[in-house]
Amino acid sequence: MKKTIRNYRLKNKKVIIRVDFNVPIKDGIIQDDNRIKASLETIKYAINKGAKVILISHLGRVKTEEDKTDKSLKPVSEALSKLLNQKVIFIPFTRGKELENAINKMNNGDVLLMENTRFEDIDNKKESSNNPELGAYWASLGDIFINDAFATSHRSHASNVGIATHLKSGIGFLIEKELEVFNPILKRPKRPFIVILGGAKVSDKIGVIKNLVKKADYILIGGGMAYTFLKSEGYNIGNSLMDYDSIDFCTKILKKYENKIILPVDTVNGLEINENTSTNTCLITDIKEDEIGLDIGPKTIELFKKYIKDSKTVIWNGPVGYFEIDKFANGTKQLCEILKQSNAEVIIGGGDTGSAVNKFEYSDCYKHISTGGGASLELLEGRILPGISVINDKQ
Ligand code: AMP
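A few points on the structure.

Okay, the site of the ligand next. Lining the immediate surroundings of the ligand are 14 residues, of which Ala-200, Gly-293, Gly-321, Glu-324 and Asp-352 lie closest. Within the backbone of Gly-321, a nitrogen or oxygen atom sits 3.4 Å from a nitrogen atom of the ligand. In the environment of the ligand, an oxygen atom lies 2.5 Å from a nitrogen or oxygen atom belonging to the side chain of Glu-324. Expressed as a share of its isolated accessible area of 500 Å², the protein-covered part of the ligand is 84%.

Moving on to the layout of surface pockets. In this structure, the largest pocket spans a volume of roughly 790 Å³. For the largest pocket, the lining is made up of 29 residues, of which Asn-34, Asn-358, Ile-369, Ser-370 and Thr-371 are closest to its centre. For the lining of the largest pocket, the per-class residue count stands at seven nonpolar, 14 polar and eight charged. Here the lining of the largest pocket spans two domains, since at least three of its residues come from each of domain 1 (5-174) and domain 2 (189-380). Reported here for the second largest pocket is a volume of approximately 620 Å³. In terms of lining, the second largest pocket is formed by 33 residues, of which the most central are Gly-199, Ala-200, Lys-201, Pro-319 and Asp-352. Of all the secondary-structure elements, those providing two or more residues to the lining of the second largest pocket are β14 (292-296), α13 (351-359) and α14 (373-380).

With that out of the way, let us pick up the sheet that holds strand β17 (residues 368-369). With parallel pairing, six strands are arranged side by side in an open sheet as β11-β10-β9-β15-β16-β17. The outermost strands of the open sheet, each flanked by one partner alone, are β11 (261-262) and β17. As paired strands, strand β9 (residues 193-197) and strand β10 (residues 218-221) are joined by four bridges and run parallel to one another. The residue of β10 that forms the bridge with Val-195 is Ile-219. Each of β9, β10 and β11 touches helix α11 (residues 298-309); the most contacted strand, β10, lies at about 155° to it.

Rules used in this analysis
Throughout, residues of each chain are indexed from 1 in the direction in which the sequence is written. Per-residue local features are limited, in this predicted model, to residues with pLDDT of at least 70; the limit for side-chain atom pairs, both in listing and counting, is 80 or more; totals at the level of whole chains, interfaces and linings are taken over all residues. Hydrogen atoms and water are omitted, and side-chain values are computed over all heavy atoms in the structure. We call a residue near a molecule or strand as soon as one heavy atom of that residue lies within 4 Å of the molecule or strand. Here a polar contact means two N or O atoms within 3.5 Å. Within protein one must be a hydrogen donor candidate and the other an acceptor candidate, and residues neighboring in sequence count only if both atoms are side-chain atoms. Per-residue and other accessible areas were derived by the Shrake-Rupley procedure at a 1.4 Å probe size, with only the shown protein chains allowed to occlude residues. In the cavity and pocket records, a cavity denotes points on a 1 Å grid over the protein atoms alone where a 1.4 Å probe fits but cannot get out, a pocket denotes an open set with protein on both sides within 12 Å along at least 5 of 7 lines, and lining residues are residues with an atom within 4 Å of a point. Grid points are joined across faces, edges and corners, and a volume is the space filled by probe spheres set on the points. Three classes are used: nonpolar for Ala, Val, Leu, Ile, Met, Phe, Trp, Tyr, Cys and Pro, charged for Asp, Glu, Lys and Arg, and polar for all others, with Gly counted as polar. Segmentation into domains, and thus their bounds, comes from an automatic or database assignment. Secondary structure elements are taken from DSSP: a helix is a run of H or I of four residues or more, a strand is a run of E of two residues or more, and numbering for both begins at the N terminus. The pairing criterion is simple: DSSP has to find at least two bridges between the two strands. Throughout, a residue-residue contact means that at least one pair of heavy atoms, one from each residue, lies within 4.5 Å. Geometry is summarised by axes, namely lines fitted to C-alpha atoms with helices restricted to the contacting stretch, and by angles between N-to-C directions that run from 0 to 180 degrees.

Here is the structure:
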């Protein structure tokens, strides 16, 4: 068990909290503030306990000086000030005297946000490659380190692993909640336990399939990845997404677990991937050469429903169709509804699946929507996340 923020006396202490403020910003306006809101519990707890709260986060990718112009965390500091109803001190640097002086002047309960950690990537990817000097420097600014950025905890960066190697550390409430959801399911799921996988490529999900095929009762497969499975079964998939490097894997896993892995029986196809293309719904035996399979069909939706109806636990990772285009969104939308109606504990694996659930306004309908697409995928693969494993254990 990892130490949490609750295991430390925070009063008078400079507490560095790694948060995930990687929000979409357009023309200086935040498009979706969910990630900021998700970190409030930990930040408010630290304020109320009398800490000097030093927040650090990345925002997007920064490769050139030019990238810096629209990757500043300043708009986030303004939004956070409003949400906390208290001034957030924003320092437009990631190191140096101005940052150090501002920290030294902080009173208990103050909140300071440093500039985007990835500004350091311009200099030899210092943040993203976990440069030891940078991690040690950031650690020198505080007394305690709290990691609450689940979405980056599968990466070993200076702003998580680097700092944690030098300071007493714990996890925040957001990471604690993610682990409280995923750990019991991965150890002892309530059965029947169903995994729904979709999204584009089989190769991205091989690790998850390998790890969960033994634990789950059924794996339902939709989305672009389903067509490579169908191809490996000998079906003609026309111009559908095809992941040639994964075909051997599909053949072998289907042979070994043919009763566990459930593939689509029908499909909605287009001639092109756009709103104006004509569509054709057909059985998987009837896909034409010039067609692209872009959604699961009504018979597959019914088939998936039968499995979901009796299940007690469902983990869903990857949209089952090209949901960004209305004509191919039906399967994903119907699945949202079926899961809402079911009695199962439903866990949504973040990333694109989370976006789909939000888009169709089902975000309040499930037990948990993960805040980290990549991180939750790695948890489902049974991997250890470096940003969490580095945190101090409870004695
Ligand atoms: P992933 O990041 O692997 O979960 O992939 C998510 C993306 O897969 C979404 O943008 C979907 O539009 C896309 N997707 C889902 N179904 C299909 C499909 N049948 N063909 C192509 N792309 C798809």
